[in-house]
Amino acid sequence: MTGNASVAFSGTRGGEAALTWGQRLMWRAVHLMGPSQSFLNCPWVLPVHGKRDLTTVLGALRGMLERHESLRTTFADTPDGPVQRVARNGELSVELLETGQEGPLGTAERIAGELARTVFAHGEDLPLRCAIVLRDGSPRALAFAFSHLAVDYHALSLLSTEWRALLRGDDLPPPAWQPMDQAALEREEPFLARSQRSIRYWRSVLEEVPLEVFDLPPGEAEEPRFIEVGMESVALAAAAVRLAERLTISTTSVVIAACATVLAVVSGRPRAVMQLVHSNRRDPRTRPLVGTVGQDGLLVLDLPATGFADTCVAAHRSALVAYHNAHYDPFDMQAMREEIGRVRGREPDLDAFFNDRRADGTWPNLPRLAPGDNLAPLTEKTRTYVTNAWPGVRFKVFFTLGTAPDTGQLSLIVDTAFLCRDTARAMLLGVETLLVRSLTEDVPIARRQGKRRPDASALLGRSFWTSER
């Protein structure tokens, strides 16, 4: 069975409002990305739990649309600025597809990736696309592509949790907080004051930060210029868990420390400056919100000379400062950055990022290992691969910790005019090596001197973390 189905929805509220701060950040990113803005689309898969017929699955999908205003929202520019427009009533077209040879979930993952490659027309399109994967006519999985203007990865995790209840037909309480409510709250004085505090912190950093991520001009780029190299490593995750427990900090802080260290070594600097994608859900009202709330924090990490354990602790403290100053009006932030640019001759380049997409910062299905098990043999099972490519995404370095529950899924987007794909792969393996070695020794951090391009062969393996270079 193939074809199309239609899901008619009727929500309890429609209307128009200013963008939330999270939406404003994405609105600017969408326009900066241009043809590559499909990078900001979020592929997602929901399994169909139990034996459900198509009518039940379409009804659960309708319930999802009616519950969450962000999924019924279009976005438009007006003379008074960009706005979100929530449709109370409407219709979503859903494609029906038979399972491919990779099975229902594998087919759904492939279809979700394909759906995410097309740019949304945000002024007219609902911010999601959906296909239902069938086996012998029975629905087995849903493939989605969401616009990042409508959801972040925390919101997608919320939808996954809610999906089982919707399939069962449970009577769920209506969401208490929607993006239009958040937009109204952010116009109140306490939030405006918080925005100004964050902007003052960013200003203090931008007044002295290096103007470039790398102290060298771009070289000859590969084709395509921007690539994402992925790595799946149980060793990375297991080592991060052990180090986090030993140091009583989060696994996120441990992986940030390793990625920032690799960036500092490759850039030949004793300091790493990275933007951290932060969920911004400290306010209890936003925790169950299906919307995009996340914003960027600004991490400044000076590498201690005493070894990686101290780097982890320093990264944890610096990340807390970054998160504390990651709630601001992006339009006001951009005005400040342009002012800094006029004073310094140009805006500092901050195109180095880290994003942890895990909802709770854990790997719940990591293989069981005894506390004293040597993790080094696990590195032999690590695999790396090129996972994506774009003509232009405005990043020089972008680390992402993925949502896989049973392995450390770390990827790195690089601008190949500065870092080739072999160097990107070596940087990922360098993160793994650093974490695993730090369990048994206090790894000295070698600093690459001079304005020269990093040699990928020198970054691989043990030589990455010795001073004999």
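Rules used throughout
Residues numbered from 1 in each chain as written. Predicted model: local features only at pLDDT ≥ 70, side-chain atom pairs only at ≥ 80, totals over all residues. Heavy atoms only, no water. Helix = DSSP H or I, 4+ residues; strand = E, 2+ residues; numbered from the N terminus. Rg over C-alpha atoms; globule rule 2.2 N^0.38 Å. Buried < 20%, exposed > 50% of the residue type's maximum accessible area, 1.4 Å probe, protein only. Contact = heavy atoms within 4.5 Å. Areas by Shrake-Rupley, 256 points an atom, 1.4 Å probe, with all protein chains shown as cover. Disulfide = S-S within 2.5 Å. pLDDT = per-residue confidence, 0-100. Axes fitted to C-alpha atoms, helices over the stretch in contact; angles between N-to-C directions. Parallel < 35°, antiparallel > 145°, perpendicular 65-115°, else oblique. Left-handed = near helix turned anticlockwise from the far one by under 90°. Nonpolar A, V, L, I, M, F, W, Y, C, P; charged D, E, K, R; others polar. Core = buried A, V, L, I, M, F, W, Y, C linked by side-chain atoms within 4.5 Å. Pairing = 2+ DSSP bridges. Phe/Tyr/Trp six-rings, centres within 6.5 Å; stacked < 30°, edge-to-face > 60°.

Some points on the overall build of the chain
Here comes step 1: Scanning the chain from N- to C-terminus turns up 12 helices and 15 strands.
Here comes step 2: Relative to the 2.2 N^0.38 estimate, which gives 23 Å for 469 residues, the radius of gyration of the chain is 23 Å and therefore close to what a compact globule would have.
Here comes step 3: Its C-alpha atoms give the chain principal-axis dimensions of about 65 × 50 × 45 Å.
Here comes step 4: Considering the chain as a whole, with its 469 residues, one finds that 56% of them fall into the buried category.
Here comes step 5: Sequence separation of 24 or more characterises 80% of the internal contacts of the chain that already satisfy a separation of 6 or more.
Here comes step 6: Only carbon and sulfur atoms are counted for the fraction: they give 49% of the accessible area of the chain, which is about 20,200 Å².

Section: the state of the cysteines
Here comes step 1: Taken as a whole and judged by the stated rule, the model has 0 disulfides.
Here comes step 2: With no disulfide of its own, C42 lies 15 Å from the sulfur of C130, the closest cysteine sulfur.
Here comes step 3: The thiol of C259 is unpaired, and the distance to the nearest cysteine sulfur, on C312, comes to 11 Å.

Regarding the confidence of the model for the chain
Here comes step 1: For the chain, mean pLDDT is 92; residues scoring 70 or higher make up 94% of the total.
Here comes step 2: Per-element confidence in the chain ranges from a low mean pLDDT of 48 for helix α12 (residues 456–459) to a high of 98 for helix α2 (residues 54–67).
Here comes step 3: Counting contacts from residues 459–463, a segment whose pLDDT is below 50, to residues more than four positions away or on other chains yields 15 contacts.
Here comes step 4: Within the model, the stretch residues 465–469 combines pLDDT values under 50 with 19 contacts to residues more than four positions away or in other chains.

Section: the packing of helix α6 (residues 189–206) against helix α10 (residues 330–344)
Here comes step 1: Orientation of α6 relative to α10, taken along the N-to-C sense of each, is 25 degrees, at an axis distance of 10 Å. The orientation of α6 with respect to α10, classified from their angle, is roughly parallel. Helix-helix and strand crossings are classified by hand; for α6 and α10 the assignment is right-handed. From α6, Q196, S198, I199, W202, R203 and L206 reach across to α10, where they touch D332, M333, M336, R337, E339, I340 and R344.
Here comes step 2: Looking at the contact of α6 with α10 residue by residue, the class counts come to 6 nonpolar, 2 polar and 5 charged.

A few points about the nonpolar core
Here comes step 1: In this structure, F214, F354, F399, L410, V431 and L435 are the most contacted members of the largest nonpolar core, which totals 63 residues.
Here comes step 2: Take this core: its biggest share by element is 11 residues, from helix α8 (residues 251–267).
Here comes step 3: Aside from chain neighbours lying at most four places away, what touches L410 is V229, G230, M231, L236, V255, C259, F399, T400, L401, L428 and V431.
Here comes step 4: The next biggest cluster of nonpolar side chains, apart from the first, holds 36 residues, and it includes A60, L126, L142 and L156.

Brief notes about the pairing of strand β12 (residues 352–356)
Here comes step 1: A large share of β12 lies buried, amounting to 5 of its 5 residues.
Here comes step 2: Burial of β12 is two-sided: the residues A352, F354 and D356 facing one way and the residues F353 and N355 facing the other way are all buried.
Here comes step 3: In terms of strand pairing, strand β10 (residues 271–278) meets β12 through 3 bridges, oriented parallel. Paired with V277 across the two strands is N355, which belongs to β12.
Here comes step 4: Bridging between β12 and strand β14 (residues 397–401) involves 5 bridges; their strand directions are parallel. Counterpart to D356 in the pairing with β14 is L401.

Describing the packing of aromatic side chains
Here comes step 1: Taken as a whole and assessed by the stated rule, the structure comprises 11 aromatic pairs.
Here comes step 2: A ring pair is formed by F39 and F398, whose centres lie 6.2 Å apart and whose planes are at 65 degrees; its orientation type is edge-to-face. Placement of F39 in the loop between α1 (21–33) and β3 (41–47) and of F398 in strand β14 is noted, with a sequence separation of 359 residues between them.
Here comes step 3: When its relative accessible area of 17% is taken as the criterion, F39 is described as buried.
Here comes step 4: Residue F398 is classed as buried on the basis of its relative accessible area, which comes to 7%.
Here comes step 5: Ring geometry for W202 and Y328: centres 5.6 Å apart, planes at 65 degrees, overall edge-to-face. Highlighted residues: W202 in helix α6 and Y328 in the loop between α9 (308–324) and α10, separated in sequence by 126 residues. Judged on exposure class, the residue W202 and its partner Y328 are both buried.
Here comes step 6: Connected via pairs of aromatic rings, a cluster forms that spans F39, F353, W390, F395 and F398.

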